[in-house]
Amino acid sequence: MGFFEKTGKMAIGSRLRMLTDKVTADASQIYQLYDVDIKPKWFPVFFVLSDGEAKTITGIAKEIGHTHPSVSNIVKEMDAKGLIKEITDKTDKRRNVIVLSDKGKEMADILSTQCSDVATAIENISKETRNDLWRAIEEWEELLSEKSLFQRVKEAKKARESHDIQIVSYTPSFQAIFKSLNENWITAHWRLEAHDLEYLDYPQQNIIDKGGYIFVATYKNEPVGVCALCKMDDLIFDYELAKLAVSPKAQGKGIGILLCKAAVNKAKELGAKKLFLESNTLLRPAIHIYKKIGFKELSEYHPAYERGDIQMELTI
């Protein structure tokens, strides 16, 4: 087991496959010991049919957690061995169902004795172990059904990468990246408008000097995301959340939501009560972020941009 000592838990799939292969190899010998002529992979189908109830392939697949094609192939192999037969469904004459043949029923009687001995052997193994493997498998299955291993790895990756993310205040040295990041996502779908260029070409004069703020996200000290909090001259809204942009190479790290939260927290610090934003529903990841931090869609639209088709507000 030196290999697994080196790899640790990340090789869980390989280790489980090795255990499965070892048990499956023994299973073939066990069937031979009892003169039960079936393949180990047939066992789940054979077992559910052994109660004598006729079943459809779809019903069997659902009961044992296999795919329909997988069960269909097993049924064909079992049929070739004369272990099952198809009969007309008593409740629906238009379809056939599957039952064990007389040969299959005889084998099922032998198999019940075999299963009893196997259960005893497994119980004996459990008594010699510190951990209950069967219970552990149930717990793993339950946890992975709630959240897959893939999703858990994504979260671990994001958490690790978050240590290299910093949100810093704007300085004139960031003007080029502020413009380029925004220009890239806008021109991917639309054209730059005059209102865009007011902010992107002159952020110091049109955002900072007017009481607004710009936040820059760096990843490993490289600027990869920006977001602006623009002071509004409005009776209802105090600030506008605007110009959120994240470099494609840094997306998926949670940078967008960190930038938005930094802007919202700054607005709270300044005593703001309501924030406003305008966007486009094509930008689904951005809309998802806005909704996640509490923005609600406004029913009336007065777009400042040609591309604007959704306006939202956040009550702080």
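Values in this document were obtained by computation on a predicted structure and should not be read as measured data.

**Brief notes about the overall build of the protein chain**
Within the protein chain, the regular secondary structure consists of 13 helices and 9 strands. By the compact-globule yardstick of 20 Å for 316 residues, the protein chain is too spread out, its C-alpha radius of gyration being 31 Å. With the C-alpha coordinates of the protein chain rotated into their principal frame, the extents come out at 90 × 55 × 30 Å. A total of 316 residues make up the protein chain; the buried ones form 35% of that total. When contacts within the protein chain are restricted to residue pairs at least 6 apart in sequence, long-range pairs at least 24 apart make up 55% of them. On the protein chain, roughly 20,200 Å² of surface is accessible, and the fraction owed to carbon and sulfur atoms is 54%.

**Comments concerning the confidence of the model for the protein chain**
Low pLDDT means the predicted atomic positions in that stretch should not be read closely. Of the residues in the protein chain, 100% have a pLDDT of 70 or more, and the chain-wide mean is 92. Across the protein chain, strand β5 (residues 222-231) holds the top mean pLDDT of 98, while helix α1 (residues 2-7) sits lowest at 75.

**Description of helix α5 (residues 68-80)**
In this model, α5 (13 residues) spans 18 Å end to end at C-alpha, consistent with the 18 Å of a helix rising 1.5 Å per residue. Looking at α5, one finds that the buried residues are V71, S72, I74, V75 and M78. One side of α5 holds all its buried residues, which, seen down the axis, span an arc of 165 degrees. Structural note: α5 exposes P69, K76 and A80 on the side pointing more than 90 degrees away from its buried face. On the buried face of α5, the contacting elements are α3 (43-49), α4 (57-64), β1 (84-88) and β2 (96-100). The N-cap residue of α5 is T67: its side-chain oxygen and the backbone nitrogen of S70 are 3.2 Å apart.

**Some points on the packing of aromatic side chains**
A full pass over the atoms with the stated rule returns 5 aromatic pairs. A centroid spacing of 5.2 Å and a plane angle of 50 degrees characterise the contact between F237 and F276, whose relative ring orientation is tilted. Separated by 39 residues along the polypeptide, F237 in the loop between β5 and β6 (239-246) and F276 in strand β7 (residues 274-279) bring together distant segments of the chain. Each of the two residues, F237 as well as F276, counts as buried.

**Points about a positive patch on the surface**
Positive charge collects at one region of the surface, where K154, K158, K261 and K292 lie side by side. Mapped onto the fold, K292 is located in helix α13 (residues 284-292).

**A look at the nonpolar core**
Considering soluble globular proteins, one finds that nonpolar side chains tend to be buried as a cluster. Core analysis: the biggest nonpolar cluster contains 33 residues, and L241, I255, L259, L275, Y290 and F295 have the highest contact counts within it. Counting residues per element, the ones that place at least two in this core are β4 (213-219), β5, β6, α12 (255-269), β7, α13 and β9 (310-315). In terms of residues, this core owes the most to one element, α12, which gives 8 residues. Setting aside residues no more than four positions away along its own chain, I255 makes contact with I165, A217, V224, V246 and A250.

**Things to note about a nonpolar patch on the surface**
A contiguous nonpolar patch, built from L16, L19, V23, L133, W134 and I137 and spanning about 620 Å² of accessible area, is present on the exposed surface. Every element with two or more residues in the nonpolar patch is listed here: α2 (12-33) and α7 (133-146). Positionally, L16 belongs in helix α2.

Cut-offs used in this document
Residues numbered from 1 in each chain as written. Predicted model: local features only at pLDDT ≥ 70, side-chain atom pairs only at ≥ 80, totals over all residues. Heavy atoms only, no water. Helix = DSSP H or I, 4+ residues; strand = E, 2+ residues; numbered from the N terminus. Rg over C-alpha atoms; globule rule 2.2 N^0.38 Å. Buried < 20%, exposed > 50% of the residue type's maximum accessible area, 1.4 Å probe, protein only. Contact = heavy atoms within 4.5 Å. Areas by Shrake-Rupley, 256 points an atom, 1.4 Å probe, with all protein chains shown as cover. pLDDT = per-residue confidence, 0-100. Expected span 1.5 Å × (residues − 1). Arc of directions from axis to C-beta. Polar contact = N/O pair within 3.5 Å; in protein donor to acceptor, adjacent residues only side chain to side chain. Phe/Tyr/Trp six-rings, centres within 6.5 Å; stacked < 30°, edge-to-face > 60°. Patch = residues over 30% accessible without salt bridge, like charges linked within 9 Å, V, L, I, M, F, W, Y side chains within 5 Å. Salt bridge = Lys/Arg side-chain N within 4 Å of Asp/Glu carboxyl O. Lys, Arg positive; Asp, Glu negative; His and termini not counted. Charge placed at Lys NZ, Arg CZ, Asp CG, Glu CD. Core = buried A, V, L, I, M, F, W, Y, C linked by side-chain atoms within 4.5 Å.

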